[in-house]
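Topology and contacts: notes
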Amino acid sequence: MATVTRRKRTTSRTRRVSGTYRLRPSTLSAAKRALGAATATETIERALELVVFRQRLVDGTRAMLGVPIGSPDAD
């Protein structure tokens, strides 16, 4: 009996784009180890996610400037 493999539907959220990048192998290997990634693609995705997360932290911190922060134990 033959097994049928079905392709997953891609949504705009999971859609992938193809690209060619010229990266130094030593830098890619170091990033791969630091991020615990198995592949070059996973390394790049994790690194980009960290950049986006960092920007969100910076934006959130800027939005909080001037907002008084008190102790949660204060009466």
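As a reminder, the structure under discussion sits directly above these lines.
Calculation criteria
- Residues numbered from 1 in each chain as written.
- Predicted model: local features only at pLDDT ≥ 70, side-chain atom pairs only at ≥ 80, totals over all residues.
- Heavy atoms only, no water.
- Helix = DSSP H or I, 4+ residues; strand = E, 2+ residues; numbered from the N terminus.
- Buried < 20%, exposed > 50% of the residue type's maximum accessible area, 1.4 Å probe, protein only.
- Areas by Shrake-Rupley, 256 points an atom, 1.4 Å probe, with all protein chains shown as cover.
- Salt bridge = Lys/Arg side-chain N within 4 Å of Asp/Glu carboxyl O.
- Patch = residues over 30% accessible without salt bridge, like charges linked within 9 Å, V, L, I, M, F, W, Y side chains within 5 Å.
- Contact = heavy atoms within 4.5 Å.
- Axes fitted to C-alpha atoms, helices over the stretch in contact; angles between N-to-C directions.
- Parallel < 35°, antiparallel > 145°, perpendicular 65-115°, else oblique.
- Left-handed = near helix turned anticlockwise from the far one by under 90°.
- Nonpolar A, V, L, I, M, F, W, Y, C, P; charged D, E, K, R; others polar.

What follows is about the overall build of the protein. Looking only at helices and strands, the protein features two helices and zero strands. Taking all 75 residues of the protein together, 3% fall into the buried category. When the accessible surface of the protein is summed, it comes to about 7800 Å², and 55% of that surface belongs to carbon and sulfur atoms.

Glancing now at the pattern of salt bridges. Scanning all chains against the criterion turns up two salt bridges. Close ionic contact of Glu 45 with Arg 16 constitutes a salt bridge, the shortest N to O distance being 2.3 Å. One end of the pair, Glu 45, is in helix α2 (residues 40-64); the other, Arg 16, is in the segment before α1 (25-35), and 29 residues separate them in sequence. With relative accessibility at 28%, the residue Glu 45 sits in the partly exposed group. Among the salt bridges present, the one from Glu 42 reaches Arg 46, with a minimum N-O distance of 2.5 Å. Separated by four residues within a single helix, Glu 42 and Arg 46 lie in helix α2, roughly one turn from each other.

This part takes up a nonpolar patch on the surface. Together, Tyr 21, Leu 23, Ile 44 and Leu 48 give the surface a local cluster of nonpolar side chains, amounting to about 410 Å² of exposed area. With respect to the helices, strands and loops of the structure, Ile 44 is situated in helix α2.

Let us now look at the side chain of Thr 43. Of note, Thr 43 is situated in helix α2. Residue classification places Thr 43 among the buried residues on the basis of a relative accessible area of 2%. Sequence-distant contacts of Thr 43, that is, excluding residues within four places in its chain, are made with Leu 28, Ala 31, Lys 32, Leu 35 and Ala 37.

Here the focus is the packing of α1 against α2. α2 packs onto α1 with a crossing angle of 70° between their chain directions and a minimal axis gap of 9 Å. Viewed along their axes, α1 and α2 adopt a mutual orientation that is roughly perpendicular. You can see that α1 and α2 cross each other, and the crossing is left-handed. For the pair α1 and α2, contact is made by Leu 28, Ala 31, Lys 32 and Leu 35 and by Ala 40, Thr 43, Arg 46, Ala 47 and Leu 50, respectively. Each residue belonging to the contact of α1 with α2 can be placed in one class, and the counts come to six nonpolar, one polar and two charged.

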